[in-house]
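Residues per chain are reported as follows:
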Amino acid sequence: MKKRVNVNRRGFLKSLAAATAIGTAGALNVPRTAEAGEGKLATLIDLTRCNGCVDKESPACVSACKKIKAGSLPEPVDPIPVPFPTRKVEDWSKKKEVAHRLTPYNLIYVQQAQVDADGGPKTLFIPRRCMHCDNPACATLCPFAANHKFENGAVVIDPETCFGGAKCQTLCPWQIPQRQSGIGVYLKVMPTMMGNGIMVKCDLCTDLLKEGKTPACIEACPQKAMSIGPRSEIYARAEALAAKIGGYIYGKTENGGTSTLYVSAVPFDKLDAVVHRGPGEPGLGAVKRRMAGTDGMGKAVLAAPVIGIAAGVAGAFAALSKRKDRLKKEKR
Amino acid sequence: MSEYINEEKNRVARHGALELAEHWALALSGLALLLSGLFELPMAARFKITSLPGFGWSGDFIVSLSIHYIASVVFIAAAAFHLVYHGLLQERGLLPQEGDLKASVEVVKTFFGKGEEPPFAKYLPEQRLAYVGMAFIIAVVIITGLVKTYKNVYAPDLSHGLVLWATWLHNIFFVLFILAFAGHIGAIVLKPNRPMVRGIFTGSVRLDYAARRHPLWLAQLDASAPALAVEAVEALESGETAAVMTEEGSANGADDAPGETPGDTARPAATKDER
Ligand code: HEM
Ligand code: HEM
Ligand code: SF4
Ligand code: SF4
């Protein structure tokens, strides 16, 4: 009972045609590699190209990601400690094959959106994973600095220091990070009282980037729907592509800007209205960076030492001159 | 100066309005930092604090961050003011002096009924040590907090090494802050120290208390009326203190209402004559 969205058909057709045109022309001379992973990077996900790998058992990006990541987690302890008082254990270790949503063992999945096009209903395929936001509260507010944004733009959770408190999931507007209980340092502290596993999400294959290689999903895609490169280039390409197809960009302003740009011929609010949503299944709506509201106060905090010092100097001089006056009077 | 001492009311001024303002700005913002800081850990929802009436906000990390920021402004400004103001005026009564460590051990022993207290200046030796400890803890939470804030506002991709240091030092020192705060409250709850409590609220303490326990302070304070202090020291030395102390002890810690304390009678009569 999915809602249907009526997209302007002629516009859609036109953009489809345009997309195919730049698609074929641009695909091969487009650099998909991260150029040794240096400098600020960004990724482009071209929804006019992704066909969801419908001919395959599972989308190539999803299989590639699973292959490289799912096995990298240690097995959780058995039995998994039951956290007090919520008693909420999240164990995906026996459901590693799940591929229709994000899980600790599935860091990318392909979302579907049914829209009305010229030849009847059409399905759009949308690979979803962490957006690697520009100023992500998930990372900056991690109480253990286990989640961090690196200079190249990748937002990475260190499984060695993460306690699995899921603060990052709460702060992420798409609730991307997923928890696996029974793994991590929390086991060595007070497993039932503090922490509850580790949080897992896409890390942009940061290890591959360091070796100058391309993230597994991008490398694997037979449609060349995804690419990675210097941020300014990717941004420029996304703009150019969107302009050519009369399409739309998602990820440029969302959550204060991200390093993942989706380009689509269909407006994203229309896609947002039809994609299936739930835990591990993020939407595509307009999201603000809530933490931006605290930046003004943060600046006041940074100015506070100066305010205190200035007041201290002024106060001390006022007190000194009072003392002098009094001494003078007493002498008289 | 004698303006500090009010014999009629059995009071001596211990803290000026400015010092009180400093203490309470630091104390109240410090408590707000503690509470909001704890809510910045993912524990409010986990421990169902969010379901307590009036605590729905505790699970919202942006709200607790805002409170933490606002309290930080007060906390940092008060600490910086304190350092610069009293530094420039060379007011060093709270800085440790030689022999404070040894003296502290002796004084702490007396809290458990062993031996007798020596005469004190304005602050006790262990108070001066605690002050430096607290100042150090506060300095570390402030410096690491500033790094964390800078990262949040300007540099989310600050070097991970620096962020790790700032975060973990902040965490370790906020725990030390909680311990120091507990120690602070523990110290003022101790019976011999209790008369100081009214001081931090009203600015003045009982004169008889000061004369008995802080004679060196009174001597310093009031060069124009040295008799009071001399008297007190003499009293201490001549063993009269023991009497004063037991009397005080039997007054079951009543320390607020003027006139009803045995201190009034214990106060050296000579000072009255002097005036
Ligand atoms: C709400 C709780 C608090 C109460 C009831 C309280 C009470 C007191 C009292 C009675 C004194 C007087 C000592 C004297 O007269 O010599 C004092 C001093 C002091 N307080 Fe507090 N305080 C509180 C919270 C705090 C906090 C949170 C801090 C730190 C941020 C703090 C830092 C200090 C310092 C530095 C002194 C100066 C001398 C010393 O170390 O004893 N206080 N406080
Ligand atoms: C009495 C002093 C303080 C206490 C008890 C305290 C406690 C805490 C606690 C428990 C946390 C959560 C754990 C964490 O994120 O590391 C925290 C976070 C934080 N604190 Fe404090 N804090 C104090 C002072 C300050 C000051 C003075 C500043 C600012 C200069 C500050 C800035 C921050 C920031 C920005 C965070 C949020 C997390 C982050 O950005 O990484 N804190 N604090
Ligand atoms: S998408 Fe979510 S998890 Fe990924 S960086 Fe942004 S806020 Fe963090
Ligand atoms: S992005 Fe590429 S690999 Fe992933 S589903 Fe689409 S076509 Fe397949």
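Scroll up to find the structure.
Bear in mind the structure is a predicted one, so any value in this text is a computation, not a measurement. (Residues numbered from 1 in each chain as written. Chains lettered and ligands numbered in written order. Predicted model: local features only at pLDDT ≥ 70, side-chain atom pairs only at ≥ 80, totals over all residues. Heavy atoms only, no water.)

Caption draft 1: Layout of the interface of chain B and chain A. Of the residues lining the interface, 43 residues belong to chain B; the matching set on chain A comes to 52 residues. Interface area for chain B against chain A, summed over the two sides, is near 4100 Å², with a carbon-plus-sulfur share of 71%. For the pair chain B and chain A, the interface holds three salt bridges. Between B:Asp60 and A:Arg290 there is a salt bridge, and its shortest N-O distance comes to 2.9 Å. (Contact = heavy atoms within 4.5 Å. Buried area = accessible area lost by both parts, 1.4 Å probe. Salt bridge = Lys/Arg side-chain N within 4 Å of Asp/Glu carboxyl O.)

Caption draft 2: Fine view of the coordination of the iron atom of ligand 1. All names here are of chain B. Looking at the iron atom of ligand 1, the protein donor atoms are His23 (NE2) and His184 (NE2), and they sit 1.9 to 2.0 Å from it. Relative to the metal, the six donor atoms surrounding the iron atom of ligand 1 lie at angles of 87 to 179 degrees, and the coordination shape comes out octahedral. Of this pair, His23 sits in helix α1 (residues 17-40) while His184 sits in helix α5 (residues 160-189), placing them 161 residues apart in sequence. On the basis of relative accessible area, His23 is assigned to the partly exposed category, the value being 25%. (Donors = N, O, S within 2.8 Å, 3.2 Å for Na, K, Ca; no water. Tetrahedral: all angles 85-135°; square planar, octahedral: opposite > 155°, others 65-115°. Helix = DSSP H or I, 4+ residues; strand = E, 2+ residues; numbered from the N terminus. Buried < 20%, exposed > 50% of the residue type's maximum accessible area, 1.4 Å probe, protein only.)

Caption draft 3: Layout of the site of ligand 1. Residue and element names in this part refer to chain B. Around ligand 1, the surrounding shell holds 21 residues, and the nearest of these are Arg14, His15, His23, Gln127 and His184. The separation between a nitrogen atom of ligand 1 and a polar side-chain atom of His23 is 2.7 Å. Of all the secondary structure elements, the ones that give two or more residues to the shell around ligand 1 are α1, α4 (125-153), α5 and α6 (197-202). Among the residues making up the shell around ligand 1, the classes are represented as 16 nonpolar, four polar and one charged. (Near = heavy atom within 4 Å. Polar contact = N/O pair within 3.5 Å; in protein donor to acceptor, adjacent residues only side chain to side chain. Nonpolar A, V, L, I, M, F, W, Y, C, P; charged D, E, K, R; others polar.)

Caption draft 4: Structural view of the site of ligand 2. Residues in close proximity to ligand 2 total 29 residues, the closest being B:Glu40, B:His68, B:Asn152, B:His170 and B:Asn171. Ligand 2 is flanked by residues contributed from chains A and B. Within the contact set of ligand 2, an oxygen atom lies 2.7 Å away from a side-chain nitrogen or oxygen of B:Asn152. B:Asn171 places a polar side-chain atom, nitrogen or oxygen, 2.6 Å from an oxygen atom of ligand 2. Within the residue set of the shell around ligand 2, elements represented by two or more residues are α1, α2 (61-88), α4 and α5 of chain B.

Caption draft 5: Main features of helix α7 (residues 231-245) of chain A. All names here are of chain A. For α7, with 15 residues, the first-to-last C-alpha span of 21 Å sits near the 21 Å given by 1.5 Å per residue. All of the buried residues in α7 are Ile234, Tyr235, Ala238, Leu241, Ala242 and Ile245. In a view along the axis of α7, the buried residues occupy a sector of 130 degrees, so they form one face of it. Residues of α7 that are exposed and point more than 90 degrees away from the buried face comprise Ser232, Ala243 and Lys244. Immediately downstream of α7, the backbone of Gly246 shows phi near 60 degrees, a positive value. (Expected span 1.5 Å × (residues − 1). Arc of directions from axis to C-beta.)

Caption draft 6: Quick peek at the side chain of B:His15. Here B:His15 lies in the loop between β2 (11-13) and α1. What B:His15 contacts, discounting residues up to four positions off in sequence, is B:Leu20, B:Tyr123, B:Gly199, B:Ile200 and B:Gly203.

Caption draft 7: Local environment of the sheet that holds strand β3 (residues 204-206) of chain B. Residue and element names in this part refer to chain B. Pairing in this open sheet of three strands is antiparallel, and the strands run β1-β2-β3 from one edge to the other. The sheet terminates laterally at β1 (5-6) and β3, the two strands that pair on one side only. Pairing between β2 and β3: three bridges, direction antiparallel. The residue bridging Arg11 from the neighbouring strand is Arg206, located in β3. (Pairing = 2+ DSSP bridges.)

Caption draft 8: Here's a closer look at the sheet that holds strand β8 (residues 226-230) of chain A. All names here are of chain A. Pairing in this open sheet of four strands is mixed, and the strands run β8-β1-β10-β9 from one edge to the other. At either end of the open sheet lies a strand with only one pairing partner, and these are β8 and β9 (248-250). In this sheet, adjacent strand axes meet at a mean angle of 25 degrees when their direction is disregarded. Sheet analysis places strand β1 (residues 41-46) next to strand β10 (residues 260-264), joined by four bridges and oriented parallel. Looking at β10, one finds that Thr43 is bridged to Thr260. (Axes fitted to C-alpha atoms, helices over the stretch in contact; angles between N-to-C directions.)

In short, shape yes, function no, at least from these values alone.
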